[in-house]
Amino acid sequence: MQGYSVRRARTSDVPRIQALVEPLIQEGILLGKDRVVFYEAVQEFRVAEDAEGRLIGCGALHVMWEDLAEVRTLAVSADWLGHGVGHALLDRLEADARELGLSRLFCLTFEVPFFSRHSFVDMGSETVDPAVYAELVRSHDEGVAEFLDLARVKPNTLGNTRMVKRLA
Ligand SMILES: CC(=O)SCCNC(=O)CCNC(=O)[C@H](O)C(C)(C)COP(=O)(O)OP(=O)(O)OC[C@H]1O[C@@H](n2cnc3c(N)ncnc32)[C@H](O)[C@@H]1OP(=O)(O)O
């Protein structure tokens, strides 16, 4: 394997991000989103590319509240799994989170061992204080609903684990 690098996503990456995540959407690992949603979220994305400029991974950080963001759409292409690309992307997203002043990262995932190795823990029944809950519940964002564990998203979250990491 040659080297790779992680950089901020560009709008021209969106079709390649979609191509990367499409098999994972088909498998029910990631939730499908319309292309317009990827363009709207492009500033949240970091991508990894190989030495030839091929897109080999992506991940996004979506801010939910003053202290809280979600790691989203973290994916690495099949031929690059196990080479540290996921780790590098998550590291970069954590650095972005610190820069934004965040102290908690949420993720909803089947990849519990991977996130556990990066100090995420099962949230169990952890939630937010009632005043913040009352504000968050007004959001139309599916990720916020997943964080709050709302009944309407439970069919989408079956088998996933809600995990959180406190940034030091
Ligand atoms: C919040 C969300 O987005 S939830 C969705 C999470 N994403 C998914 O479920 C999509 C499907 N999964 C994936 O795309 C990937 O498996 C990811 C993103 C979870 C992990 O990506 P990877 O690039 O394989 O991760 P990375 O390589 O950093 O770590 C995986 C393993 O490779 C090992 N590894 C790390 N660096 C290297 C290296 N340089 N050489 C060899 N192995 C390495 C790690 O130790 C780890 O091994 P372990 O599992 O035995 O502990």
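By the naming in an unreviewed UniProt entry, the protein is N-acetylglutamate synthase, taken from Cryobacterium psychrotolerans.

With respect to the packing of aromatic side chains
The relative placement of two aromatic rings is captured by the distance of their centres and the angle of their planes. Summed over the entire model, instances satisfying the criterion amount to five aromatic pairs. Summarising the aromatic geometry, the rings of F38 and F45 are spaced 6.1 Å apart at their centres and angled 40° between planes, so their arrangement reads as tilted. Looking at F45, the relative accessible area reads 4%, which means it is buried. For the ring pair F114 and F115, a centre distance of 5.2 Å and an interplane angle of 90° mean the geometry is edge-to-face. On the basis of relative accessible area, F114 is assigned to the buried category, the value being 18%. Since its relative accessible area comes to 6%, F115 is described here as buried.

With respect to the site of the ligand
In the region of the ligand, 23 residues are neighbours, and L74, G82, G84, G86 and R117 sit closest. With respect to the ligand, the backbone of L74 contributes an N or O atom lying 2.7 Å from a nitrogen atom. At 2.9 Å, a backbone N or O of H87 approaches an oxygen atom of the ligand. Compared with its free state, where it exposes 990 Å², the ligand has 68% of that area covered by protein. Going through the elements one at a time, strand 4 (68-76), helix 3 (85-100), strand 5 (104-109) and helix 4 (112-117) are the ones with two or more residues in the shell around the ligand. Of all the elements, strand 4 adds the most residues to the shell around the ligand, at six residues. Partitioning the shell around the ligand into residue classes produces 13 nonpolar, seven polar and three charged.

Conventions and cut-offs
Residues numbered from 1 in each chain as written. Predicted model: local features only at pLDDT ≥ 70, side-chain atom pairs only at ≥ 80, totals over all residues. Heavy atoms only, no water. Phe/Tyr/Trp six-rings, centres within 6.5 Å; stacked < 30°, edge-to-face > 60°. Buried < 20%, exposed > 50% of the residue type's maximum accessible area, 1.4 Å probe, protein only. Near = heavy atom within 4 Å. Polar contact = N/O pair within 3.5 Å; in protein donor to acceptor, adjacent residues only side chain to side chain. Areas by Shrake-Rupley, 256 points an atom, 1.4 Å probe, with all protein chains shown as cover. Helix = DSSP H or I, 4+ residues; strand = E, 2+ residues; numbered from the N terminus. Nonpolar A, V, L, I, M, F, W, Y, C, P; charged D, E, K, R; others polar.

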